[in-house]
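Here is how the chains run, residue by residue.
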Amino acid sequence: MTDRLELRGLTVLALCGILPEERLRRQPFTVDLDVFSDLSAAGASDDLADTIDYGALCADIDALAQHEQYGLLERFAQRIAEVALTDLRVQAVTVVVHKMRPPVPQHLASSGVRIHRERA
């Protein structure tokens, strides 16, 4: 599948981390998504009902950040992939999650993971 919906730089505040201070205070994360789906129907119809509603998907990701807590970035990314794949039109998804304030003494702009999941 070569069609994909690209979402870049969604910023959410979440509880994600192993250190005690990361479990108490929400931190900023950025999320990038590549959602693989056949977009030809939407291209022909120009109708939102024929494509992936990225506004709804962003709201769902924000809800994950608000209502769940994660120890690892890997788990946060996995949950985002699971939510994206609930839409049966989504054939695969690549999720990138960046922690914007990684807890290391060195200057590190962000830490992150990238996962790719496909419909079974």
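Below is a summary of the structure that appears in this document.

Basis of the calculations
Residues numbered from 1 in each chain as written. Predicted model: local features only at pLDDT ≥ 70, side-chain atom pairs only at ≥ 80, totals over all residues. Heavy atoms only, no water. Helix = DSSP H or I, 4+ residues; strand = E, 2+ residues; numbered from the N terminus. Buried < 20%, exposed > 50% of the residue type's maximum accessible area, 1.4 Å probe, protein only. Polar contact = N/O pair within 3.5 Å; in protein donor to acceptor, adjacent residues only side chain to side chain. Phe/Tyr/Trp six-rings, centres within 6.5 Å; stacked < 30°, edge-to-face > 60°. Pairing = 2+ DSSP bridges. Contact = heavy atoms within 4.5 Å. Axes fitted to C-alpha atoms, helices over the stretch in contact; angles between N-to-C directions.

**Side note on the side chain of S37**
Moving on, step 1. Residue placement: S37 occurs in the loop between strand 2 (27–36) and helix 1 (40–45).
Moving on, step 2. Judged by relative accessible area, S37 falls into the buried class, the value being 3%.
Moving on, step 3. A polar atom in the side chain of S37 sits 2.9 Å from the backbone oxygen of R89.

**A short note on the packing of aromatic side chains**
Moving on, step 1. Inspection of every chain in the model, using the stated rule, returns two aromatic pairs.
Moving on, step 2. Measuring from centroid to centroid gives 5.7 Å for F29 and F76, while their planes differ by 85°, and the two rings are edge-to-face. Taken as a pair, F29 in strand 2 and F76 in helix 3 (residues 73–84) lie far apart in primary sequence, 47 residues in all. When sorted by exposure, F29 lands in the same class as F76, which is buried.
Moving on, step 3. Both rings, one in Y70 and one in F76, keep their centres 4.6 Å apart while their planes meet at 15°; by these two values the pair is stacked.
Moving on, step 4. Residue classification places Y70 among the buried residues on the basis of a relative accessible area of 2%.
Moving on, step 5. Take F76: its relative accessible area is 0%, and that puts it in the buried class.

**Describing the sheet that holds strand 3 (residues 69–70)**
Moving on, step 1. As summarised here, the arrangement of the five strands in space is 3-1-2-4-5, forming an open sheet in which the pairing is mixed. A single partner strand is all that each edge strand has here, and the edge strands are strand 3 and strand 5 (111–118).
Moving on, step 2. Pairing between strand 4 (residues 92–99) and strand 5: eight bridges, direction antiparallel. Bridge pairing links V95 to I115 in strand 5.
Moving on, step 3. The sheet strands contacting helix 2 (residues 54–67) are strand 1 (4–16), strand 2 and strand 3, and the helix crosses strand 1 at an angle near 20°.

**So, the environment of G9**
Moving on, step 1. Within the secondary structure, G9 sits in strand 1.
Moving on, step 2. Considering only alpha carbons, one finds G9 and V93, 84 residues apart in sequence, at a separation of 16 Å.
Moving on, step 3. In this structure, G9 is in contact with V31 and D32, ignoring residues within four places of it in sequence.

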